[in-house]
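Descriptive analysis of the structure
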Amino acid sequence: MKSKNVYNLRAILAPHFSSTGLLVQENATGQRCLLSFLDAVLRGIGQVMLQNNSYAGVLFLAGIFYNSTLFGWAALFGAAISTATAMLLGVSRARIDAGLFGFNGALVSIALLYFLEAAIFTCAYVVLAAACSTIVMAALLNLFDARKIPVLTAPFVFTTLFFVMACARLGHLHSTSNLPIAGLPKIAIIEGVVTASTFAEGLFNGIAQVFFQGNVVTGILFAIGLLISSRVACAAALIGSSTGLIVAWSMGAAEPAIRSGAFGFNSVLTAIAMISVFYVLNISSALYGLFAMITTAVMFAAVSAVLEPLGMPALTAPFVIVVWIFVLAGPIFPKLQTA
Amino acid sequence: MKSKNVYNLRAILAPHFSSTGLLVQENATGQRCLLSFLDAVLRGIGQVMLQNNSYAGVLFLAGIFYNSTLFGWAALFGAAISTATAMLLGVSRARIDAGLFGFNGALVSIALLYFLEAAIFTCAYVVLAAACSTIVMAALLNLFDARKIPVLTAPFVFTTLFFVMACARLGHLHSTSNLPIAGLPKIAIIEGVVTASTFAEGLFNGIAQVFFQGNVVTGILFAIGLLISSRVACAAALIGSSTGLIVAWSMGAAEPAIRSGAFGFNSVLTAIAMISVFYVLNISSALYGLFAMITTAVMFAAVSAVLEPLGMPALTAPFVIVVWIFVLAGPIFPKLQTA
Amino acid sequence: MKSKNVYNLRAILAPHFSSTGLLVQENATGQRCLLSFLDAVLRGIGQVMLQNNSYAGVLFLAGIFYNSTLFGWAALFGAAISTATAMLLGVSRARIDAGLFGFNGALVSIALLYFLEAAIFTCAYVVLAAACSTIVMAALLNLFDARKIPVLTAPFVFTTLFFVMACARLGHLHSTSNLPIAGLPKIAIIEGVVTASTFAEGLFNGIAQVFFQGNVVTGILFAIGLLISSRVACAAALIGSSTGLIVAWSMGAAEPAIRSGAFGFNSVLTAIAMISVFYVLNISSALYGLFAMITTAVMFAAVSAVLEPLGMPALTAPFVIVVWIFVLAGPIFPKLQTA
């Protein structure tokens, strides 16, 4: 499977690379070369939505570049740094080739450039953080392996929260207006009126927000990327985003937050994980997955409020927490079949 | 043991149920019927104080109804929802029959109706939260099983904190005045004068507060429920409540908090767990248990202050944290004998 | 090794103890005596910097007494209480003799007297907390043993945070001006100008702050203590302190914090752990350790900001978190050799 994919990729990318013979070194002994590194980086970007597929990675990247050149480069750069760190430390080729050491770096990089002002110094900080996400990934892989708990985007959440939080003590790093202002949680009031356009925009923004992009076209490109990789994953993402929207609307969340996809992106990830990755799809697992998506939307509200005194965003922590709980609970429920 | 108890219960409840033959379907093949479901629900309410005993559950329920009809129904409703969720997901009958999937639902339900205004919408939210507590319970049962760590009321604490916290983002849910106001921890000042009546009321309020009830008669009914189930558990509860009171008073806690039983209910649970459930009672384990009770009262002060910036209550988190630590430490201390 | 060391110690301490024959009871049956208890206490103080060496303990103690008699006694007292608690609970002699049940007690005792006003009542509170640190230590030893995760100073961090936090509800305990004031994290501004004297003082203050001592001579005495125990550990401590300084300075941390050693002491501990304890020293592990030291300095900024709404200090939590992550990640990186 893997080598086939690399061949396909090489065929696609050949016009760009055939001129530089040095870069194409793959031979009988299987030496690592730039193409397989690029493939790992693209799969890493695909793995952000749990797709071990470099074509999905290419479409996710296209979606990001469509919205922002900065974040497009950030995703590539972050995935490359964290993958390269893993290679330097001798991580097994199977794990690197599957993109397992790329997705957290990609997200950490986008997140830091979303919340911190872009500057030379910030770039150095991103390198440090992306490399750090590789260590956290390795630690959680080792810790969770025996328990069969998936690591998900926990290294991204952990690394980003700590590296952004540290800026409150480091004068050379400046936050952007995207970072929430620290405050004490207050009672919610209903803001704005939810209309059909809230749903239409929210549906695709919810998918786009997985990479911090608030752009409907980006969301559509992401959905196409998912479709190429797995029809079930694509359907799950759309259902997950809708579920997040509906839960948020029915419980009285603020309209701008619903429209922006804030209540959707965690449910998108939960849906992909529960419906298309961890369980065999049947009535029981579909209902179990739906319950997890609903819980994820509530959890987003909760985590967002819990982090308010720190002025920190929820990131994908709600997805990670809910899927950990639902996957850990699985073996107690015999009606669910692990995929 | 189990079937005998169901028979006794049926004898007691017969006047209410014999008229409806449909409800009594237990036959040679052991089909689940409403009576065994009711028994599981009552045991679930008993398990809030670690008693696998439906009579204890009946007395706890009587104590709650004595103080508040709303909370009485809430306890029954919550335990029923979380137990039914477990049954739908195919949890093993032994676990359901022991009430293991009822106690967190009962507490979640009471807590949400204590901290949130009662409304139709809140009821739907309670259903979601109680069902969610079942998933958290299953996750922790699976995670802790190999380590022989008891789950205790952790699913209740976790689920309640997140579902109440989420209301800061959800406009259709409104908190009551029972919810602490978010603020920054300040230096403590001594409030009020502790008298004999503080102790007399605090002793039984401490037991009653396990179910969020501030009522001396309720506390006495709970103590009778414990006595029916286990004399040691009843004695432990009284000693635990007293220890919480004395620690709080000697360290200068506020008199109204002491009188209300706030410093007692976690120590009550710690006492029952350490003295009557997890260790064989001897001098060593009694002293170890006393140390755990004292630590629990300090931990209540700490957790209550830690959660102040979030405006969240400590619930039974101090009990859970302290018993986890003391039980995990047990195997290192050869003088303690596990029950 | 152990008995040899006790003999040496006895030779050193003989003038003080030979007059009291009762204290020297070690005989063929290996009865525990005051001297071996004293040795365990001194090793406990040595273990604060991961040195199972009573001479290191003596020099650390000398360094503390040089700066403050109160904290000198506090260290001895705390280590004695936590070690005695472990003995009463029957902990195996090997663990006690290695000082494993002394270092957390020593640190808890110093920390509580640093953050709380010294008074009779505070002393009783210190006894409770130091004994509690022994239970937490046992719990973590049991929990982490199978995973080969070192406990480090986690029991100290946990116990101190909870016992200081509890004072927000306990009127008889009063905090000193050393305790941070609770507030919401704000954007960092660059304070002061870093000069050569910032570095010179910061280097040794960073080592001294491991025991909460802001004193250059104390730091030098600590370094000598490390040198006696292990030249590699001493070099690691100096490199760790320097790394913390340089990271903090390059990222724009406040000059007074850099001078005080605040950004150094966690990196000192990380350096000792990563370079001289857990890994065989080679190029790979040295670079890995350096990465861990840099991450620790960033983590200090983060943890310090995370705890700001609670008004709590970071203590050695950054060291504990970073070393846990880097040690857990180790097995995934085949270039690292576990010591």
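Criteria and thresholds
- Residues numbered from 1 in each chain as written.
- Chains lettered and ligands numbered in written order.
- Predicted model: local features only at pLDDT ≥ 70, side-chain atom pairs only at ≥ 80, totals over all residues.
- Heavy atoms only, no water.
- UniProt positions renumbered as here; feature names shortened; annotations may be inferred.
- Helix = DSSP H or I, 4+ residues; strand = E, 2+ residues; numbered from the N terminus.
- Rg over C-alpha atoms; globule rule 2.2 N^0.38 Å.
- Buried < 20%, exposed > 50% of the residue type's maximum accessible area, 1.4 Å probe, protein only.
- Areas by Shrake-Rupley, 256 points an atom, 1.4 Å probe, with all protein chains shown as cover.
- Lys, Arg positive; Asp, Glu negative; His and termini not counted.
- Charge placed at Lys NZ, Arg CZ, Asp CG, Glu CD.
- Axes fitted to C-alpha atoms, helices over the stretch in contact; angles between N-to-C directions.
- Parallel < 35°, antiparallel > 145°, perpendicular 65-115°, else oblique.
- Left-handed = near helix turned anticlockwise from the far one by under 90°.
- Contact = heavy atoms within 4.5 Å.
- Nonpolar A, V, L, I, M, F, W, Y, C, P; charged D, E, K, R; others polar.
- Least-squares fit on C-alpha atoms with pLDDT ≥ 70 in both.
- Buried area = accessible area lost by both parts, 1.4 Å probe.
- Salt bridge = Lys/Arg side-chain N within 4 Å of Asp/Glu carboxyl O.
- Polar contact = N/O pair within 3.5 Å; in protein donor to acceptor, adjacent residues only side chain to side chain.
- Domains from an automatic or database assignment.
- Patch = residues over 30% accessible without salt bridge, like charges linked within 9 Å, V, L, I, M, F, W, Y side chains within 5 Å.
- Expected span 1.5 Å × (residues − 1).
- Bend = angle between axes of the 7 residues up to and from the residue.

Looking at an unreviewed UniProt entry, one finds chain A named Urea transporter, with Herminiimonas arsenicoxydans as its source organism. Comment text from UniProt for chain A, heading Sequence similarities (unreviewed entry), reads "Belongs to the urea transporter family." You can read under Subcellular location (unreviewed entry) in the UniProt record for chain A the words "Cell membrane".

**Here's the deal with the overall build of chain A**
When helices and strands are counted, chain A shows 15 helices and zero strands. For a compact globule of 339 residues, the expected C-alpha radius of gyration is about 20 Å, and chain A comes in at 20 Å, within 12% of that figure. Projecting the C-alpha coordinates of chain A onto the three principal axes gives extents of approximately 65 × 55 × 40 Å. Put simply, chain A has 339 residues, and 60% of those count as buried. On chain A, roughly 12,300 Å² of surface is accessible, and the fraction owed to carbon and sulfur atoms is 69%. Of the side-chain charges in chain A, 14 are positive and 9 negative, and the distance between the mean point of each set is 13 Å.

**Some words on the packing of helix H11 (residues 231-250) of chain B against helix H13 (residues 265-278) of chain B**
All names here are of chain B. For the pair H11 and H13, interaxial distance at closest approach is 7 Å and the crossing angle is 135°. Taken together, the axes of H11 and H13 are oblique relative to one another. In terms of crossing hand, the pair formed by H11 and H13 is right-handed. Across from Val 232, Ala 233, Ala 236, Ala 237, Gly 240, Ser 241 and Gly 244 in H11, the residues of H13 making contact are Ser 267, Val 268, Ala 271, Ile 272, Ile 275 and Ser 276. Across the contact of H11 with H13, the residue classes break down as eight nonpolar, five polar and no charged.

**A closer look at the relation of the copies chain C and chain A**
Its rotation angle being 120°, the transformation that places chain C on chain A also includes 0.0 Å of axial translation and leaves an RMSD of 0.0 Å. The symmetry that links the two subunits is that of a three-fold axis. Among all residues of chain C, the one whose C-alpha sits closest to the rotation axis is Pro 309 of chain C, at a distance of 3.9 Å. The share of interface residues of chain C whose copies in chain A are also at the interface is only 5%, consistent with the copies meeting through different surfaces.

**Here we look at the interface of chain C and chain A**
The partner chain A presents 37 residues to the 39 residues of chain C that form the contact. Buried surface at the junction of chain C and chain A, summed over both partners, amounts to about 3,300 Å²; 76% is from carbon and sulfur atoms. On the chain C side of the interface with chain A, the three residues burying the most area are Met 251, Ile 332 and Phe 333 of chain C, jointly 20% of the side's total. Taken together, the links from chain C to chain A amount to one salt bridge. With its nearest N and O atoms 2.9 Å apart, the salt bridge here joins Glu 308 of chain C to Arg 169 of chain A. Where chain C touches chain A, the interface holds nine residue pairs in polar contact (both at pLDDT 80 or more). Counting residues per element, the side of chain C that touches chain A draws most heavily on helix H14 (residues 283-306) of chain C, which supplies twelve residues. Residues of the side of chain C that touches chain A, tallied by class, amount to 31 nonpolar, four polar and four charged.

**Concerning the environment of Val 164 of chain B**
Residues and elements named next belong to chain B. Mapped onto the secondary structure, Val 164 falls in helix H8 (residues 154-165). A C-alpha to C-alpha distance of 29 Å links Val 164 and Ala 292, two positions 128 residues apart in sequence. Those residues within four positions of Val 164 in sequence are excluded, and the remaining contacts are Leu 112, Phe 115, Leu 179 and Met 312.

**Structural notes on the domain arrangement of chain A**
All names here are of chain A. Segmenting chain A into domains produces domain 1 (28-171) and domain 2 (186-339). Taking only C-alpha atoms, the centre of domain 1 and the centre of domain 2 are 21 Å apart. Taken residue by residue, the interface counts 36 residues in domain 1 and 36 residues in domain 2. Both sides of the domain 1 and domain 2 interface together cover about 3,100 Å² of buried area, and 81% of this is carbon and sulfur. If you look at where domain 1 meets domain 2, you find six residue pairs in polar contact (both at pLDDT 80 or more). Of all the elements in the fold, those that place two or more residues in the side of domain 1 that touches domain 2 are helix H3 (54-67), helix H6 (103-115) and helix H8 (154-165). Element by element, the count of residues in the side of domain 1 that touches domain 2 is highest for H3, at nine residues.

**A closer look at a nonpolar patch on the surface**
Residue and element names in this part refer to chain C. On the surface, a cluster of nonpolar side chains totalling about 400 Å² of accessible area is made up of Ile 239, Ile 283, Leu 287 and Leu 290. A per-element tally of the nonpolar patch places H14 first, with three residues. Of note, Leu 290 is situated in helix H14.

**Concerning unusual backbone geometry**
Unusually for a residue other than glycine, Leu 315 of chain B sits at a positive phi of about 50°. For Leu 315 of chain B, the location among the structural elements is in the loop between helix H14 (283-306) and helix H15 (317-329). A positive phi is found at Lys 148 of chain C, a non-glycine position, where the angle reads about 55°. Structurally, Lys 148 of chain C is set in the loop between helix H7 (120-145) and helix H8 (154-165). With a relative accessible area of 71%, Lys 148 of chain C lands in the exposed category.

**Details of the environment of Phe 278 of chain A**
Residue and element names in this part refer to chain A. Tracing the backbone through its elements, the reader meets Phe 278 in helix H13 (residues 265-278). Look at Phe 278 and you get buried, because its relative accessible area is 17%. Between the C-alpha atoms of Phe 278 and Gly 44, which are 234 residues apart in sequence, the distance is 19 Å. When sequence neighbours within four positions are dropped, the list of residues in contact with Phe 278 reads Leu 50, Pro 150, Leu 152, Ala 273, Val 323, Val 327, Gln 337, Thr 338 and Ala 339.

**Things to note about the pattern of salt bridges**
Taken as a whole and judged by the stated rule, the model has 15 salt bridges over all chains. The partner of Glu 201 of chain B in a salt bridge is Arg 259 of chain B, with the nearest N and O atoms 3.1 Å apart. In this pair, Glu 201 of chain B is assigned in helix H9 (residues 196-208) and Arg 259 of chain B in helix H12 (residues 255-259), connecting sequence segments 58 residues apart. Judged by relative accessible area, which is 33%, Glu 201 of chain B ranks as partly exposed. In this structure Arg 259 of chain B comes out as partly exposed when scored by relative accessible area, which is 23%. Between Glu 255 of chain B and Arg 259 of chain B there is a salt bridge, with its nearest N and O atoms 3.0 Å apart. Residue Glu 255 of chain B and its partner Arg 259 of chain B are located together in helix H12, separated by four residues, close to a single helical turn. Taken together, the salt bridges that share partners define one network made up of Glu 201, Glu 255 and Arg 259 of chain A.

**Brief notes about the UniProt feature "site: Important for channel permeability" (unreviewed entry) in chain A**
Residue and element names in this part refer to chain A. Those residues carrying the UniProt feature "site: Important for channel permeability" (unreviewed entry) are Thr 316 in this numbering. Of note, Thr 316 is situated in the loop between helix H14 (283-306) and helix H15 (317-329). Under the relative-accessibility criterion, Thr 316 is labelled buried at 1%. Beyond its immediate chain neighbours, meaning those up to four positions away, Thr 316 contacts Thr 153, Phe 156, Val 157, Phe 265, Asn 266 and Leu 269.

**Some remarks on H9 of chain B**
Residue and element names in this part refer to chain B. With 13 residues, H9 should cover 18 Å at 1.5 Å per step; its first-to-last C-alpha distance of 19 Å lies within 8% of that length. The largest bend along H9 reaches roughly 30° and is located at Gly 202. Burial in H9 covers these residues: Thr 198, Gly 202, Asn 205, Gly 206, Ile 207 and Ala 208.

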